Amino acid sequence: MDQIEVIVVDQSGKTAGVVERIRRMVHDGTLREGDPLPSTRALAAELGVARGTVVAAYDQLDGEGWIRTRHGAVARVVASAGVGGVGGRGGAVVGDLLLATDPRARAAASAAASAAAAAARTIDCRPGVPAVTAIAQRDWRAAWRAAADAPLRNAVADPLGTVELRAQVVAQLGLSRGFAPSVDRVLLTAGTSEALSLVAEALRVHLGRAPVFAVEDPGYRTGQRAVLSAGGTVVGIPLDDDGMDLDALTAAPPVDVVLVTPTHQYPLGSVMPVARRQRLLAWAAATGTLVVEDDYDSEFRHRGSPVPALAALDAEGVVLHVGGFSKTLDPRLRCSYVVLPAAAGGPVEAGSGSVSASVVGVGVTDAVLAARRARGAVVAEPVQVALAHLLRTGALRRHLGRVRRDYTHRRARIAARLNGVAGLEARALTGGLHAVVVWSGPATGQEVAARMAGAGVLVATLEEYGIAPGSTPAGIVLGYGAVTVPELDRALDALIASVERTDTVA
């Protein structure tokens, strides 16, 4: 009982004591991936502390990625010694946690398992993947049961999507993004890239030529490629600390569309201030330019107040809003949505220099609807039914509340780990699921990423998001949505070592 006594006598931090003890037992191999933990009531009784103390400890460990708790289910370890778990084991783990018997046998087994697992495990910190497995299994299964129970029908799917899911999207936007469009303005797409491809194709037909998109540089390269594949052209616009540089935009050759990520610029993470948003909307209305808002991860704001959508400020009908479920649930669902502009834009100023004064308004709405119907339905109805169930029952809101806490823990871990490391700076941490890390030394992003891959950690380079040469500093983009805190620690260790080693070699 010596181990437990350490916790009991630490009256100033009982929760911290429980947390630290379980962390140590994971590190030393006493607990491994898949192992069950005692119930909060049983552990509290054994330790002589309030049950709330153990509940708080389990919540913290869950948020940090050490364990996974589920309502009505046994809490289990999800991170293993050396970060390389090899599955659960039999035996009385409650006894291990409370009594820690047979340490020599455990130490030998742990060393062997850790060595094998560490060699085999690769940590994927490339951006774009959320904590897919964090959703409550009960809610996930209920959603797919609802899809399976939906009546069969002899009909072709509506290309715009089911009315039920579109109505649930409207309700969610009203709660979280500050605007509630009519259902007939919402249509479904197979991800953000398909949404951008759809808009480009619609405008190409509507205008009778290749539409010109002004895009952020650096920015969302996959979306830019989707525009190009649909017959559009792209023009990179540089960024400053507040997002797209509007002076550079207005000085550039005329464009038909401006594609922006105003709530959390991808990948640099800036938030476009309200004054700049209003200026962008006024310029778009005056020049007849469509603004496409990619609202890709707005649900995750780690610092400051939530930022309303750009579409919530749009009084002129110039914003086409794109959102989806890739960051909130699972990118493999391939389901996003487009909210068409609210109304026709006002008269275009004479001499505005826009490529086409008819881009905004009814013309673009009709063109996008026609393109959607021409392509047909792209999101399977069972997927739509399941998503509508998650929204209608509040399961998605509960899931978002849970993972926000998890992501905030990981974001804080990155900030704390890199704070004070000479030459390194972490950016883009106000929201979202990724961090940008830059450094002052001569190492390129490709060199650091290659060294990290050699250490078993995969990241993206910041340079690959740029259009114009030199538009980005040397850096990496590190996704933390789908990793545990121990995995994140290993990734950060690899990052620091890779930058230092590259600088030394140089």
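This section reports on the structure supplied with the text. Bear in mind that the values here come from a model prediction, so they are computed numbers and not experimental data.

1. What about the sheet that holds strand S6 (residues 233-240)?
Working definition: the strands of a sheet are paired by backbone hydrogen bonds and lie parallel or antiparallel to each other. Spatially, S4-S11-S10-S9-S8-S5-S6-S7 is the arrangement adopted by the 8 strands of the open sheet, whose pairing is mixed. Whereas interior strands pair on both sides, the edge strands pair on one side only; in this sheet they are strand S4 (186-189) and strand S7 (243-244). The sheet contact formed by S6 and S7 spans 2 bridges and is antiparallel. Each bridged residue has a counterpart across the sheet, and for Asp 240 the counterpart in S7 is Gly 243.

2. Describing the pairing of S4
Neither face of S4 is left uncovered, since the one carrying Val 186 and Leu 188 and the one carrying Leu 187 and Thr 189 both have all their residues buried. Inspection of the sheet shows S4 paired to strand S11 (residues 336-339) by 4 bridges, in the antiparallel sense. The residue bridging Thr 189 from the neighbouring strand is Ser 336, located in S11.

3. Some words on the packing of aromatic side chains
Scanning all chains against the criterion turns up 6 aromatic pairs. With centroids separated by 6.2 Å and ring planes inclined at 80°, the aromatic side chains of Tyr 220 and Tyr 266 adopt a geometry described as edge-to-face. Within this pair, whereas Tyr 220 is found in the loop between strand S5 (212-217) and helix H10 (221-229), its partner Tyr 266 is found in the loop between strand S8 (257-260) and helix H12 (274-287), the two being separated by 46 residues in sequence. Relative accessible area serves as the criterion here: at 23%, Tyr 220 is assigned to the partly exposed category. Ring geometry for Phe 325 against Tyr 337: centres 6.0 Å apart, planes inclined by 65°, an arrangement best described as edge-to-face. Remark: Tyr 337 occurs in strand S11 and Phe 325 occurs in the loop between strand S10 (319-324) and S11; sequence separation between them is 12 residues. The residues Phe 325 and Tyr 337 share a single accessibility class, namely buried. Members of the aromatic cluster, each reached through a chain of ring pairs, are Tyr 220, Tyr 266, Tyr 296 and Tyr 465.

4. Quick look at helix H16 (residues 445-454)
Each α-helix winds once per 3.6 residues, and so residues spaced three or four apart point in a common direction. Gly 445, Val 448, Ala 449 and Met 452 are the residues of H16 that are buried. Viewed end-on, H16 has its buried residues packed into an arc of 100°, placing them on one side of the element.

5. Topic: the nonpolar core
Formed by 81 residues in total, the largest nonpolar core has its most connected members in Phe 325 and Leu 495. Setting aside chain neighbours within four positions, we find Leu 495 in contact with Leu 418, Val 437, Trp 439, Val 448, Met 452 and Ile 476. Counting residues in hydrophobic clusters, the runner-up holds 27 residues, among them Val 199, Ala 200, Val 215 and Val 257.

6. Points about the sheet that holds strand S16 (residues 475-479)
One open sheet accounts for 4 strands, arranged S12-S13-S16-S15; its pairing is antiparallel. Of all the strands in the sheet, the pair left with one neighbour each is strand S12 (424-427) and strand S15 (460-461). The pairing of S15 with S16 spans 2 bridges and is antiparallel. The residue bridging Ala 460 from the neighbouring strand is Val 477, located in S16. Packed on one face of the sheet, helix H15 (residues 395-418) meets S12, strand S13 (434-439) and S16 and runs near 160° to S12.

Conventions adopted
- Position numbers for residues count from 1 along each chain, tracking the sequence in the order it is written.
- pLDDT decides what is reported in this predicted model: residues at 70 or higher carry local features, side-chain atom pairs at 80 or more are listed and counted, and totals for whole chains, interfaces and linings draw on all residues regardless.
- Side-chain numbers here rest on the full set of heavy atoms in the structure, without hydrogens or water.
- Pairing between strands is defined by DSSP: at least two bridges between the two strands are required.
- Here a helix means four or more residues in a row that DSSP labels H or I, a strand means two or more in a row labelled E, and each is numbered from the N terminus.
- Relative accessibility under 20% of the residue-type maximum defines a buried residue, over 50% an exposed one, and the middle range a partly exposed one, all with a 1.4 Å probe and only protein chains included.
- For this analysis, a ring pair means two rings from Phe, Tyr or Trp (six-membered ring only for Trp) whose centres lie within 6.5 Å, classed as stacked if their planes differ by under 30 degrees, edge-to-face if by over 60, and tilted for the remaining angles.
- By definition, the arc is the one covered by directions from the helix axis to the C-beta atoms.
- Here, nonpolar core means buried Ala, Val, Leu, Ile, Met, Phe, Trp, Tyr and Cys residues that are tied together by side-chain atoms lying within 4.5 Å of each other.
- The contact definition used throughout considers only heavy atoms, calling two residues in contact when any of these lie within 4.5 Å.
- Axis lines are fitted through C-alpha atoms, for helices just across the contact stretch, and the angle between N-to-C directions can take any value from 0 to 180 degrees.

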